[in-house]
Amino acid sequence: MLKLHRTECHDAFSQSWRQGRFCDLVVRVDGCRFPVHRLVVAQSSSYMDRLFEAGMADSTAEVIDIPEMQASVFEAILTCLYEGSSKVNSVLLLPIVRAAARLQVGAMLRVAVAAAESALAPANVLEAWDTAERCSLPSLEEAAKAYALRHFQTLSRTDSFHQCTLEQLRALLSDDLLSAPEDQIFLAIGQWARTADIVESVARSLYEYVRFPHLTGPFVSSVVMQEPLLRSLEGRDLLARIYQQHVHNVPGARPRVGLNRLYIFGGSSHSSQSPMETIRCCADGALELVNDDDFLLNHAEPGTPFVSRSPAVAAVGMKLYLLSGSGSEGQGGTGLWIYDPRRRRWSQGPDCPTVHTLAASAAALDGKLYVAGNYTTSPAVRWHPSSGSCAVSMFDPVSCEWHNVASLAMARGAAGMAAFQGMLWIVGGQCERRLSSVEAYDPVEGQWKKMAPLRTARCGAAVAAFAGKLWAIGGEDENEGTLRSVEVYDPAQGEWCPGAPLRRAREGAAAVVVGDCMYITGGKCLVSTHPKQYTKLNDIDRLCLPDALETYAVEESVWKNVGCSPSRNVGIHTEPQRRDYHTMATL
């Protein structure tokens, strides 16, 4: 569904358009005739407006032609302009993006780009990347490249991989974030080169991007040395030069950072504050602890943020954005830190002007960072659960500026927030009491809307969009008991339904989606009410989609503890530190 901001004018013009009343222009596209109102298309399309003002023949013509455009694409654009929304097949999204860019329909282009970014798949990501480059759409270009980096193994096995341009392939192979084993990267280069119409020397040069020291001996002897492009004298010289560079420890000798990592920030543990940990999701679904000293937080090196309880974190594009949470005195912070995984370095951004990050929620939507809902504090008063906030701030990475957006209808802290179906959803939380309230922010209309409430009021729940639904996982109920229950919002039904219960109750856990799996880590569980005692958790559970999505039932799925056998000495069975009210993100 493509949706624009709807006004009363939409209703009036839509009715006239459907009835064919007062139409003063016919636009002919792909052999189809579309009666329209000259005023409507001129107001919506800068291209049409200039066409009418140019004084040429088309300015006064009763019929104008738009060549090289599908009729179904133009009809979808017209429907959206007149009625405020249009249901379109995902196959038409990229043609609509190109048409909206060509006709310079700004409002339509923004929503179409957002929809195309959400619908990226191995079969269309290269087309999306090419569309973004031709239409100068940096947000779509970054999203398409990020998707290709993350799913390179799958992409390289599809029929569409041969459509990858030489420039695109070089951009992927040279990127430190490419998520694929080096042997798969080597094989993908050969596969692409055998179908590409390029000279042999150019194809051979692509192997310079392979990090040969990370290939196994058997693979080198049985595959690398047998590759036709490398068996020539020029190929042997290339291999000798590459290995010589690696001997001198050039940057290409180190492993790729890759994507598909879980970044776990802050929280409180038995040993006061917990540092950040990095965990990589392996191809077999196991988890591997990453010892990346450049990334660790809470150490003495200048230029790294201090992260403690209840940080707010979200990934926007190819970077992580962090507001560091509460300090030892229970005060929220406003400082913004930005992590660039390519440079493996943190930088400091401008302070958030309105939202303190004590029990605040963060999420990314349309290439921007949103921070909402928190416990308010003052120098004299530490946080209190009755002091929730309605404030919402948005950070634009392009302009590097914060902006205030519409406030929440209900103040809250310790809520869950996630982007879902082109809107920003904030779920549950606490302000004087546990909340069942759910609100959704529509960036087109710039307003929050009340949505169907949760069945069970809860705060400290983990919230994530997964498998076309929105999930509220665990949390604390009105009786201060920790919850095993999971609720799932199904947009087809417009209400919350029971989901697969957790293996154990969790409050203050964190959830993140990687591929076809959702992971949840940590949290705390109430073990005694008199006196009240909690135990902090350190296990990681995973919920995966079944192979047959058409038979998928959320209440029948099962959470499973994940990890490799310790004997392999590469995996972990539990998260290294017990913690709650931490945050997790993935790139």
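Nothing here was measured: the structure is a model prediction, and the numbers come from that model.

Definitions and limits used
Residues numbered from 1 in each chain as written. Predicted model: local features only at pLDDT ≥ 70, side-chain atom pairs only at ≥ 80, totals over all residues. Heavy atoms only, no water. Axes fitted to C-alpha atoms, helices over the stretch in contact; angles between N-to-C directions. Helix = DSSP H or I, 4+ residues; strand = E, 2+ residues; numbered from the N terminus. Parallel < 35°, antiparallel > 145°, perpendicular 65-115°, else oblique. Left-handed = near helix turned anticlockwise from the far one by under 90°. Contact = heavy atoms within 4.5 Å. Nonpolar A, V, L, I, M, F, W, Y, C, P; charged D, E, K, R; others polar. Expected span 1.5 Å × (residues − 1). Buried < 20%, exposed > 50% of the residue type's maximum accessible area, 1.4 Å probe, protein only. Pairing = 2+ DSSP bridges. 1 Å grid on protein atoms, 1.4 Å probe; cavity = no way out; pocket = protein on both sides within 12 Å on 5 of 7 lines; lining within 4 Å. Points joined across faces, edges and corners; volume = space filled by probe spheres on them. Phe/Tyr/Trp six-rings, centres within 6.5 Å; stacked < 30°, edge-to-face > 60°. Lys NZ or Arg CZ within 6 Å of the ring centre and 35° of its normal. Salt bridge = Lys/Arg side-chain N within 4 Å of Asp/Glu carboxyl O.

Caption draft 1: Structural context of the packing of helix 8 (residues 125-135) against helix 9 (residues 138-150). Here helix 8 crosses helix 9 at 150 degrees, and the two axes come no closer than 8 Å. In terms of orientation, helix 8 lies roughly antiparallel with respect to helix 9. When the axes of helix 8 and helix 9 are compared, the crossing they make is left-handed. Contact residues: Val125, Ala128, Trp129, Ala132 and Glu133 in helix 8; Leu140, Glu141, Ala144, Lys145, Tyr147 and Ala148 in helix 9. Per-class residue counts for the contact of helix 8 with helix 9 are eight nonpolar, no polar and three charged.

Caption draft 2: Layout of helix 5 (residues 71-83). Spanning 13 residues, helix 5 covers 18 Å between terminal C-alpha atoms, matching the ideal 18 Å at 1.5 Å per step. The element helix 5 is largely enclosed, with a buried count of 10 among its 13 residues. For helix 5, the full list of buried residues reads Ala71, Val73, Phe74, Ala76, Ile77, Leu78, Thr79, Cys80, Leu81 and Tyr82.

Caption draft 3: Just the packing of helix 6 (residues 93-103) against helix 8, in detail. Put simply, helix 6 and helix 8 touch, their axes get as near as 10 Å, and they point 5 degrees apart. The orientation of helix 6 with respect to helix 8, classified from their angle, is roughly parallel. Here Leu94, Val97, Arg98 and Ala101 of helix 6 lie close against helix 8, whose contacting residues are Glu127, Ala128, Thr131, Arg134 and Cys135. Tallied by class, the residues present in the contact of helix 6 with helix 8 amount to five nonpolar, one polar and three charged.

Caption draft 4: Seen up close, the sheet that holds strand 2 (residues 25-29). Pairing in this open sheet of three strands is mixed, and the strands run 3-2-4 from one edge to the other. Of all the strands in the sheet, the pair left with one neighbour each is strand 3 (32-36) and strand 4 (63-65). Neighbour-to-neighbour, the strand axes of the sheet open up by a mean angle of 25 degrees, direction not taken into account. As defined by bridge partners, strand 2 adjoins strand 4 across three bridges and the pair is classed as parallel. Paired with Arg28 across the strands is Asp65, a residue of strand 4. Helix 5 rests against strand 2 and strand 3 of the sheet, and its axis sits at about 15 degrees to strand 3.

Caption draft 5: Region of interest: helix 8. All of the buried residues in helix 8 are Val125, Leu126, Ala128, Trp129, Thr131 and Ala132. Contact partners of the buried residues in helix 8: helix 6, helix 9, helix 10 (152-156) and helix 11 (166-173). Of the residues one or two after helix 8, Ser136 is the one with positive phi, at around 55 degrees.

Caption draft 6: Seen up close, empty space enclosed by the protein. Under the definition given, this model contains two cavities of 30 Å³ or more. Estimated volume of the largest cavity: approximately 60 Å³. Among the elements that take part in the lining of the largest cavity, helix 5 stands out by supplying four residues, more than any other. Within the lining of the largest cavity, the residues separate by chemical class into nine nonpolar, one polar and no charged.

Caption draft 7: Up close: the environment of Ala315. Tracing the backbone through its elements, the reader meets Ala315 in strand 11 (residues 312-316). In this structure Ala315 comes out as partly exposed when scored by relative accessible area, which is 25%. Residues Ala315 and Met584, 269 residues apart in the sequence, show an inter-C-alpha distance of 9.8 Å. Leave out the neighbours within four places in its chain, and Ala315 touches Leu320, Ala364, Thr586 and Leu587.

Caption draft 8: Spotlight on the sheet that holds strand 17 (residues 392-396). The strand order 15-16-17-18 describes an open sheet built from four strands, whose pairing is antiparallel. Looking at strand neighbours, the two that pair on one side only are strand 15 (361-365) and strand 18 (401-404), the edges of this open sheet. When the angles between neighbouring strand axes are averaged without regard to direction, this sheet yields 25 degrees. In this structure, strand 15 lies alongside strand 16 (residues 368-372), joined through five bridges in antiparallel fashion. Following the sheet pairing, Ser361 is matched in strand 16 by Ala372.

Caption draft 9: Summary view of the environment of Val392. Relative to the elements of secondary structure, Val392 occurs in strand 17. Note: C-alpha distance between Val392 and Ser407 (15 residues apart in sequence) is 5.6 Å.

Caption draft 10: Just the packing of aromatic side chains, in detail. One pass over the structure, following the stated rule, counts 15 aromatic pairs. Summarising the aromatic geometry, the rings of Tyr321 and Phe395 are spaced 6.0 Å apart at their centres and angled 50 degrees between planes, so their arrangement reads as tilted. Here Tyr321 is found in strand 12 (residues 319-323), whereas its partner Phe395 is found in strand 17, with 74 residues between them in sequence. Residue Tyr321 shares its accessibility class with Phe395, and that shared class is buried. Here the aromatic residues Phe186, Tyr207, Phe212 and Phe219 are joined through ring pairs into a cluster of three or more. A cation over a ring is seen here: Arg38 above Phe52, with NZ or CZ 4.9 Å from the ring centre.

Caption draft 11: View of the pattern of salt bridges. Summed over the entire model, instances satisfying the criterion amount to 16 salt bridges. Asp442 serves as the salt-bridge partner of Lys449, at 3.8 Å between the closest nitrogen and oxygen. For Lys449, a relative accessible area of 26% translates into the label partly exposed. For Asp442, a relative accessible area of 4% gives the class buried. With a closest N to O distance of 2.9 Å, Glu487 and Arg458 form a salt bridge. Of this pair, Glu487 sits in strand 27 (residues 486-490) while Arg458 sits in the loop between strand 24 (447-450) and strand 25 (462-466), and the two are 29 residues apart along the sequence. Here Glu487 and Arg458 have matching classes, each one buried. Residues joined by salt bridges that share partners form a network here, namely Arg434, Glu476 and Glu480.

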